[in-house]
Each structure stands twice: as structure tokens, then as C-alpha cells.
Amino acid sequence: EAAVTQSPRNKVAVTGGKVTLSCNQTNNHNNMYWYRQDTGHGLRLIHYSYGAGSTEKGDIPDGYKASRPSQENFSLILELATPSQTSVYFCASGGDWGGRGAETLYFGSGTRLTVL
Amino acid sequence: TQTVSQSDAHVTVFEGDSVELRCNYSYGGSIYLSWYIQHHGHGLQFLLKYYSGNPVVQGVNGFEAEFSKSDSSFHLRKASVHWSDSAVYFCAVREVSSGSWQLIFGSGTQLTVMP
């Protein structure tokens, strides 16, 4: 069973503070993703990565940075947190299924971030 | 623009009933479709996927989905639901030919199974 672990599970931050959300996967998947989930919006892609050293912007990258220092780890960084970034954040990993770009994603349990 | 639509935000059924959760998409290229389930307080878990071949695909826990190109749909079905099936269900689509690795998720359908 693929494993994706996120930390912390819950985080309270102050406006203007720096927040780092961490994600670790033991699946040896090339692709990793950060999503946020808000009521009424479903899942929205923030950043993703094709492998160590790569990061790509998703649909809503403003206010977020990402870092992929290794195959296993993918971090999401909020340099100056704002209340609008209060949300639940999910990390996922995925590997190419049959070489056709049709991968299955494995999600972590999420991080609930509250920015006061 | 690729879009995926789940028209029912909430579906309520009784245990033992059959259920269909609807998913429609809007583009005509070669696509990859999947369904995920999210129990309260947890991350999403993969249920099933379709890329080609038999349009009816089987997933875990008795779920199946049917792809229809003419209707641009990929509806999820279960013949007899259990209370533990209560969760939010997400349909997801990727246009394979675009070269993009992004899965586009629908807004989700909350399924409530009453005892």
C-alpha cells in the first residue's frame, strides 16, 4: 500500500508568519502534488513536481512556494501567511500508469491550517 | 478548458438501496477518468479508473462506473449501499493528449446512507 505522510496534521499561524507544510512518500513516485480543499471549491491544485529538483505551478500558485529536495519529500511554503490561506491542504503522489499519463494518486491525510 | 461537473452536491439513500452518482466532462480528446472517495477527516482514496476498453469498470467495495462518450459521462454506481459508504465522492478527469499531468476534480457529491 502506497504511503503519503503529511505533517503537521493541524497548524495555527499568525498573519504574516511563515508556514511550511511537509509531505513524505514511500512509493518512489515521480509526481507529487499539493492541493487545497475548501467548501464549494473542491480540490484545487497549487503546485506539483515531476521529480527531485522540479516544481511547477498549478491553478492557484499565488502566495505559495514549493520545494522538492528529494524523490520522497515535497514541501509547501507560505512565506507570508494570510487568513485567506486558511484551508485543508492535501499532498498526493502518483506514478505513471502504463506510460499513458493515467496515474492513480495517493493522498495524505491532510493538514488543517488556520491563519489568524 | 477542461471541466468536470458533478451535478448533485448531496445524495441521500437508505442502506440496501442502489445509487448512481453523476459525473459529466466537457472535452473530446483522449481522456482518463477516475473516481475517488473521501471519508470525513481523511484524504482521498482511489476507487476506480477508465482509460480504454470495456466502458464498464469495476472498483473496490462493489462500486462500478460506466463511461459514455456520447453523453460525456462517467457515472458511478453501486447496487446495494452500506452505511460505511457515506462519504464524499469525487470524479476526476485528465486529458491524456494534452501532455498535462493535472487531474481536474469535480466539486464532489456527499453521499449519505441512512440506516
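The structure presented is a predicted model; accordingly, all values stated were derived computationally and were not measured.

### A look at the sheet that holds strand β1 (residues 4-7) of chain A
Residues and elements named next belong to chain A. One open sheet accounts for four strands, arranged β1-β3-β8-β7; its pairing is antiparallel. Because the sheet does not close on itself, it has two edges, and the strands there are β1 and β7 (65-67). The average angle at which neighbouring strand axes cross in this sheet is 20°, direction not considered. The sheet contact formed by β7 and strand β8 (residues 75-78) spans three bridges and is antiparallel. The partner of A66 across the bridge, within β8, is L76.

### As for the interface of chain A and chain B
Each partner contributes to the interface: chain A provides 25 residues, whereas chain B provides 20 residues. In this structure, the connection of chain A to chain B is made through zero salt bridges. Elements with a contribution of two residues or more to the side of chain A that touches chain B: β4 (31-38), β5 (42-49) and β10 (104-107) of chain A. In the side of chain A that touches chain B, the residues fall into eleven nonpolar, eight polar and six charged.

### Quick notes on the pattern of salt bridges
Evaluation of the coordinates by the stated rule reveals seven salt bridges over all chains. The closest approach of N and O atoms between K65 of chain A and E79 of chain A, which form a salt bridge, is 3.3 Å. Of this pair, K65 of chain A sits in strand β7 while E79 of chain A sits in the loop between β8 and β9 (87-95), placing them 14 residues apart in sequence. You can call E79 of chain A partly exposed: its relative accessible area is 35%. We note a salt bridge from R22 of chain B to D8 of chain B, for which the minimum N-O separation is 3.0 Å. Note that R22 of chain B is positioned in the loop between β3 (19-21) and β4 (24-25) and D8 of chain B in the loop between β1 (4-5) and β2 (10-14), a separation of 14 residues in sequence.

The rules we used
- Residues numbered from 1 in each chain as written.
- Chains lettered and ligands numbered in written order.
- Predicted model: local features only at pLDDT ≥ 70, side-chain atom pairs only at ≥ 80, totals over all residues.
- Heavy atoms only, no water.
- Pairing = 2+ DSSP bridges.
- Helix = DSSP H or I, 4+ residues; strand = E, 2+ residues; numbered from the N terminus.
- Axes fitted to C-alpha atoms, helices over the stretch in contact; angles between N-to-C directions.
- Contact = heavy atoms within 4.5 Å.
- Salt bridge = Lys/Arg side-chain N within 4 Å of Asp/Glu carboxyl O.
- Nonpolar A, V, L, I, M, F, W, Y, C, P; charged D, E, K, R; others polar.
- Buried < 20%, exposed > 50% of the residue type's maximum accessible area, 1.4 Å probe, protein only.

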